[in-house]
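Examination of the molecular architecture
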Amino acid sequence: MANIYNYLPELEGEEMMFVQNLVSGFDEQQLIQFANIYRTRRKDPMLILLTALVGFLGIAGVHRFILNQIGMGILYLLTAGLCVIGTIIDLINYRKLAFEYNSNVAREVAMIIKRS
Amino acid sequence: MNGFKKLYHIFIQNLELVFWITGLTYLALISPEQAHFSFCPLNQAGISWCPGCGLGKSISMFFHLNVVQSFKTHPLGVFAIGIILFRIIQLIKNIRREQNGKHLQLSSRA
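Each value, and the rule that gives it
Residues numbered from 1 in each chain as written. Chains lettered and ligands numbered in written order. Predicted model: local features only at pLDDT ≥ 70, side-chain atom pairs only at ≥ 80, totals over all residues. Heavy atoms only, no water. Helix = DSSP H or I, 4+ residues; strand = E, 2+ residues; numbered from the N terminus. Buried < 20%, exposed > 50% of the residue type's maximum accessible area, 1.4 Å probe, protein only. Areas by Shrake-Rupley, 256 points an atom, 1.4 Å probe, with all protein chains shown as cover. Lys, Arg positive; Asp, Glu negative; His and termini not counted. Charge placed at Lys NZ, Arg CZ, Asp CG, Glu CD. Expected span 1.5 Å × (residues − 1). Contact = heavy atoms within 4.5 Å. pLDDT = per-residue confidence, 0-100. Buried area = accessible area lost by both parts, 1.4 Å probe. Salt bridge = Lys/Arg side-chain N within 4 Å of Asp/Glu carboxyl O. Core = buried A, V, L, I, M, F, W, Y, C linked by side-chain atoms within 4.5 Å.

The subject of this paragraph is the overall build of chain A. Regarding its fold elements, chain A presents eight helices and zero strands. Shown N-terminal to C-terminal, the secondary structure of chain A runs as helices and strands in the order α-α-α-α-α-α-α-α. The C-alpha extent of chain A, read off along each of the three principal axes, is 50 × 25 × 15 Å. Split into buried and exposed, the 116 residues of chain A put 52% on the buried side. For chain A, the exposed area adds up to about 5,500 Å²; of that, 60% sits on carbon and sulfur atoms. Looking at charge distribution, chain A has the averaged site of its 10 positive side-chain charges lying 5 Å from that of its 10 negative ones.

Structure representation (structure tokens):
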């Protein structure tokens, strides 16, 4: 089983284990294809952290928009991050938020690769 | 001791879900008519132009089946409840998929 480090070295922790498991049956060409597509579509957890931090400056919820949670984004925007409490929770929880999004992306990409 | 650690671990893993459920439950249980402690730091800092001001009270009123008052306090109270409920369901779906073994490559958008 090829190590995911060779193709997607930026992955860490939960995301890395999940993707490693997801592509365990892929051959080299599929792995390269997967890495290319996944890299462009995933959202880096650091991006989520930074955009969540912007909430402290007055514009809250940007990270939610990035994660395609439009309703939540609007809610955060109107309430200054749910009276800042939401922003704080999201800052603690940012890795999980990013992983939730990325795992869905990984699943989709894997399906695309498998079908072609 | 081990039981407590396990509970703590579950809490940490589902921080957001716990937050939403706690929040909605709290709003459902308090009585919005009485003046009470406000969690909002903007409110306490004296900022009155926050567009989301009154959402908490609005949600609370809606839970007490006071729909007209809810809309008066803030027109988007129902919207907020809807969004939060949708998010709660989304998070619960994630947990269930995780328990069933999410290594299945079926792409069902959570």
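Back to the write-up after that little detour.
In this model, helix H6 (residues 77-100) of chain B (24 residues) spans 35 Å end to end at C-alpha, consistent with the 34 Å of a helix rising 1.5 Å per residue. When we look at burial in H6(B), the residues that qualify are Gly77(B), Ala80(B), Ile81(B), Ile83(B), Ile84(B), Arg87(B), Ile88(B), Gln90(B), Leu91(B), Asn94(B) and Arg97(B). On the buried face of H6(B), the contacting elements are helix H4 (62-66), helix H5 (70-78) and helix H8 (94-115) of chain A together with helix H2 (15-29) and helix H4 (55-63) of chain B. Following H6(B) by one or two positions, Gly101(B) has its phi on the positive side, about 100 degrees.

Attention now moves to the confidence of the model for chain B. Note: predicted coordinates in regions of low pLDDT should not be interpreted at a detailed level. Looking at chain B as a whole, the pLDDT averages 83, with 88% of positions reaching at least 70. Per the prediction output, this complex has pTM 0.87; the corresponding ipTM is 0.86.

So, about the interface of chain A and chain B. With 31 residues of chain A at the interface, the matching set in chain B holds 33 residues. When chain A packs against chain B, the two sides together hide about 2,800 Å² of surface, and 63% of this comes from carbon and sulfur. For chain A, the biggest contributors to the area lost against chain B are Leu75(A), Leu78(A) and Arg107(A); these three give 20% of the whole. Taken together, the connections running from chain A to chain B amount to two salt bridges.

Right, let's talk about the environment of Asn21(A) for a bit. As for its placement among the helices and strands, Asn21(A) is situated in helix H1 (residues 13-22). Considered as a pair, Asn21(A) and Asn3(A) are 18 residues apart in the sequence and their alpha carbons are 10 Å apart.

Attention now goes to the nonpolar core. Among the nonpolar cores identified, the biggest contains 29 residues, and Leu8(A), Val19(A), Val23(A), Phe34(A) and Tyr38(A) are the most heavily contacted of them. Counting residues per element, the ones that place at least two in this core are H1, helix H2 (28-41), helix H3 (45-53) and H8 of chain A. Looking at this core element by element, the count peaks at 10 residues for H8(A). Once residues lying within four places of it in the same chain are set aside, the contact partners of Tyr38(A) are Leu8(A), Leu11(A), Glu15(A), Val19(A), Asn102(A), Val105(A), Ala106(A) and Val109(A). Among the nonpolar cores identified, the runner-up in size contains 18 residues, and Ala60(A), Leu55(B), Ile59(B) and Leu91(B) belong to it.

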